Amino acid sequence: MKNFINLKDISSKDLKKIILDAKKRKRLRKKLNTLETDKGAPLRGKILIQMFEKASSRTRISFYLAIKQLGGGTLTLRSNELHLGQGGESISDTAKILSTYGDGFMLRTDSDSKISEFKRYLKIPIINGLSPSSHPTQVLSDIFTVEEIKKKTISKLNICWIGDSNNVLNSLIAASVKFSFKLNIGCPKKFKPNKEVISWSEKNKGKINIYHDPKKAVSGADVIFSDKVISLNDKVDKKKKIKEFKKFKINKRLISYAKKNCIFLHCLPRGDEVDDEVFLGPTSHVWQQALNRVHVQKSILLYCFGKLR
Ligand code: CP
Ligand code: NVA
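Conventions we followed
Residues numbered from 1 in each chain as written. Chains lettered and ligands numbered in written order. Predicted model: local features only at pLDDT ≥ 70, side-chain atom pairs only at ≥ 80, totals over all residues. Heavy atoms only, no water. Near = heavy atom within 4 Å. Polar contact = N/O pair within 3.5 Å; in protein donor to acceptor, adjacent residues only side chain to side chain. Areas by Shrake-Rupley, 256 points an atom, 1.4 Å probe, with all protein chains shown as cover. Nonpolar A, V, L, I, M, F, W, Y, C, P; charged D, E, K, R; others polar. Patch = residues over 30% accessible without salt bridge, like charges linked within 9 Å, V, L, I, M, F, W, Y side chains within 5 Å. Salt bridge = Lys/Arg side-chain N within 4 Å of Asp/Glu carboxyl O. Lys, Arg positive; Asp, Glu negative; His and termini not counted. Charge placed at Lys NZ, Arg CZ, Asp CG, Glu CD. Helix = DSSP H or I, 4+ residues; strand = E, 2+ residues; numbered from the N terminus. Buried < 20%, exposed > 50% of the residue type's maximum accessible area, 1.4 Å probe, protein only. Disulfide = S-S within 2.5 Å. Core = buried A, V, L, I, M, F, W, Y, C linked by side-chain atoms within 4.5 Å. Contact = heavy atoms within 4.5 Å. Pairing = 2+ DSSP bridges. Right-handed = clockwise from strand over helix to strand, strands pointing away. Arc of directions from axis to C-beta.

Draft legend 1. Looking closely at the site of ligand 1. If you check the shell around ligand 1, you find Ser56, Ser57, Arg58, Thr59, Arg108, His135, Gln138, Cys267, Leu268 and Arg293 and nothing else. Interatomic distance of 2.9 Å between a side-chain N/O atom of Arg58 and an oxygen atom of ligand 1. Within the contact set of ligand 1, a nitrogen atom lies 2.9 Å away from a backbone nitrogen or oxygen of Cys267. Bound to the protein, ligand 1 loses 95% of the 260 Å² it would expose on its own. By residue class, the composition of the shell around ligand 1 is 2 nonpolar, 5 polar and 3 charged.

In structure tokens, the structure reads:
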């Protein structure tokens, strides 16, 4: 049994194995309908319990489809429906109960320490479905999407992030070390990635450059990533923060500084950080990106359940 909490704690070898498995599985089920099961139904009879403390559309649906296609099922909970969420039960007891009924647990939470505490008491794998510090299932799936579209290993590409230094960027930084790719970050001075994340990357030979001029950040990029300026539960003066990101808005003019065949990716939901012309235009591959969550999460589930081929 393996957990999937943070990309920086998983070996490059395992992460690459997950991507490879997802590539094979996606290819093999080309002719199957959405709810048809992969050959061999490797997770037949298994249930993934998903719990959300924050809103989610893609993560909840893609995990539902992922385990279904592997022969299993999901139960989706909102934490406020549980005794735990109402303050009437501890994490330790809840974790023991989840381990009694379920085979795997996916948690989207507003607290990283909750993940650690659940991990301590669970006897089943835990998957981080987004926390304040990371969004590992999203970013691993994004690596898959980049390689699928660019038909190249990501280590040969220049990746750029324009936007807030948030959970998704933290996971992208971890991925840049694990998959050895160059990452340019464009953000206002005040919103630089946090020091621990940068020093971890430096210690691990990360190839990161931070720019406060968005044109410099996108220069030579093969891929431009972005995300909302205001994340879920971001406790800031929203109007002020959005204003501070004004010159980082992604539009055709900014993209013209990147490589000609550069692609645009965004985990969704979107805000004002990108204009419609780019988001809905030919450079953007955001719908394919969202769909790939299903394929990659299947292989993440297999990894956690000890069934990765
Ligand atoms: N990208 C992503 O995680 O979307 P949701 O918040 O809708 O799950
Ligand atoms: N950074 C965003 C990602 C949403 C999928 C958030 O945490 O809200």
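Draft legend 2. Molecular detail of a positive patch on the surface. A cluster of like positive charges, contributed by Lys189, Lys192, Lys195, Lys215, Lys216, Lys247 and Arg253, occupies part of the molecular surface. Checked against the element boundaries, Lys189 lands in the loop between strand E6 (182-186) and helix H7 (195-203). By relative accessible area, which is 64% here, Lys189 ends up exposed.

Draft legend 3. The state of the cysteines, seen in detail. For the structure shown, the criterion picks out 0 disulfides. Cys160 takes part in no disulfide bond, and the closest cysteine sulfur, belonging to Cys262, lies 7.8 Å away. Lacking any disulfide linkage, Cys187 is separated from the closest cysteine sulfur, that of Cys160, by 10 Å. Residue Cys187 is classed as buried on the basis of its relative accessible area of 0%.

Draft legend 4. Region of interest: the site of ligand 2. Close to ligand 2 lie Leu130, His135, Asn166, Asn167, Val168, Asp227, Ser231, Leu232 and Leu268. Contact between ligand 2 and Asn166: a nitrogen atom at 3.3 Å from a side-chain N or O atom of the residue. In this structure, Asn167 approaches ligand 2 through a side-chain N or O atom, which is 2.8 Å from an oxygen atom. For ligand 2, whose unbound accessible area comes to 270 Å², protein coverage reaches 94%.

Draft legend 5. Local environment of the nonpolar core. Formed by 55 residues in total, the largest nonpolar core has its most connected members in Phe4, Leu140, Ile159, Phe179, Phe181, Leu183 and Leu301. With 7 residues, the single largest contributor to this core is helix H6 (residues 167-178). In this structure Phe179 touches Leu15, Lys16, Ile19, Leu140, Ile143, Ile154 and Ser155, once residues within four positions along its chain are discounted. Ranked by size, the runner-up nonpolar core spans 22 residues in total, among them Val218, Phe245, Ile250 and Val274.

Draft legend 6. Inspection of the pairing of E6 at higher detail. Counting buried positions along E6 yields 4 of 5 residues, so the element is predominantly enclosed. Two elements, strand E5 (residues 158-162) and E6, share 5 bridges in a ladder whose sense is parallel. The residue bridging Cys160 from the neighbouring strand is Asn184, located in E6. For the segment spanning E5, H6 and E6, crossover handedness is right-handed. As for the winding sense of the linkage, the β-α-β connection from E6 through H7 to strand E7 (residues 207-211) is right-handed.

Draft legend 7. Structural view of the side chain of Asp38. Relative to the helices and strands, Asp38 resides in the loop between helix H1 (12-28) and strand E1 (47-52). In terms of polar contacts, Asp38 uses its side chain to reach the side chain of Arg25, at 2.8 Å. When sequence neighbours within four positions are dropped, the list of residues in contact with Asp38 reads Arg25, Arg29, Gln69, Leu70 and Lys298.

Draft legend 8. Helix H3 (residues 91-101), seen in detail. For H3, the full list of buried residues reads Ile91, Ser92, Thr94, Ala95, Leu98 and Ser99. Viewed end-on, H3 has its buried residues packed into an arc of 160°, placing them on one side of the element. Away from its buried face by more than 90 degrees, H3 exposes Thr100 and Tyr101.

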